[in-house]
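Topology and contacts: notes
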Amino acid sequence: MSDLRPRVRRGLGRRPSLPRGIPLRAVLPNAVTALALCSGLTGIRFAILGNWEAAVLMVLAAAVLDGIDGRIARLVRAESRFGAELDSLSDAISFGVAPALILYLWSLQALGRFGWLVALLHALFCALRLARFNAQIDLAEQPHKSAGFLTGVPAPAGAALALTPLYLWLWTGEPVVREPVVIALWTVLIAILMVSSVATFGPKIRLRQNVRFEAIAAIVALTAALVSAPWTTLAIVAIVYLASIPLSMRSYRRIKRLRAAGGDAASVPGPTVL
């Protein structure tokens, strides 16, 4: 009994461990995600004021911030479930609610209730896409992801595509690209692409060895074009991306056939362009 007493005393005196909070290194990527959320909400404010250029730029700024927050998290090893949930909430507002309200205030409100229904459809389908992504994030078997593709149009790209008529209007000033019926049909098409199961090119596209220098030159030229003629460049980039979807679907089918024939998924390369 005398040998047990010290152990009991030590056990009784031990303080219960407190749950750990968010590590300090996770503050930076989560702050970038929060900044993306603020950019999307600010885009709505500019749309209410009728400042369409600033509204579009705020949504695009949110897309840029959304593209770097995950990279920062991986760089500082601060990936967390909290960050993933915050990122999805930010995406739902910045790329679902914000573009829907911008398009509604810019054109769709002329259609009355139907225009509001179209705006709701874009926001809803964006949220459904993000919910599907969160539900599948822990699945071991994801055919599109394992092959280097995405399932459907991602939320940032969907927002950028939905705003394409606004780019064209800011570029040309033509009233036809602001026609409510045209905007409604375009918005519905992009919303469907976001929740679709088509394979789209992901960020891990590999370039062939002999065209990497040309790719760097193209990126420099694209950056210069965005600075000098932003609306023209954005419209062209959006149209090119939309035209690439049939190519990505064909590329995925080819890789899927190769994997089915070879039987070893890891040995078959992912999507390669140029």
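We now turn to the structure provided with this report. (Residues numbered from 1 in each chain as written. Predicted model: local features only at pLDDT ≥ 70, side-chain atom pairs only at ≥ 80, totals over all residues. Heavy atoms only, no water.)

1. Points about the overall build of the protein
- Broken down by element type, the protein carries 11 helices and four strands.
- In the protein, 80% of the contacts between residues at least 6 apart in sequence involve partners at least 24 apart.
- For the protein, the exposed surface amounts to about 16,300 Å²; the carbon and sulfur share of it is 67%. (Helix = DSSP H or I, 4+ residues; strand = E, 2+ residues; numbered from the N terminus. Contact = heavy atoms within 4.5 Å. Areas by Shrake-Rupley, 256 points an atom, 1.4 Å probe, with all protein chains shown as cover.)

2. Focus on the packing of aromatic side chains
- Applying the stated criterion across every chain yields a total of five aromatic pairs.
- Each ring, one from Phe149 and one from Tyr252, has its centre 5.5 Å from the other, and the planes form 75°; the classification is edge-to-face. Of the two residues, Phe149 sits in strand 1 (residues 149-151) while Tyr252 sits in helix 11 (residues 230-262), which places them 103 residues apart along the sequence. No difference in accessibility class separates Phe149 from Tyr252, as the two residues are buried.
- A connected cluster of aromatic rings, assembled from ring pairs, spans Phe149, Phe201 and Tyr252.
- Directly above the aromatic system of Phe46 lies the positively charged group of Arg45, at a separation of 5.7 Å from the ring centroid.
- If you follow Arg178 out to its NZ or CZ, it ends over the ring of Trp169, 4.7 Å from the centre. (Phe/Tyr/Trp six-rings, centres within 6.5 Å; stacked < 30°, edge-to-face > 60°. Buried < 20%, exposed > 50% of the residue type's maximum accessible area, 1.4 Å probe, protein only. Lys NZ or Arg CZ within 6 Å of the ring centre and 35° of its normal.)

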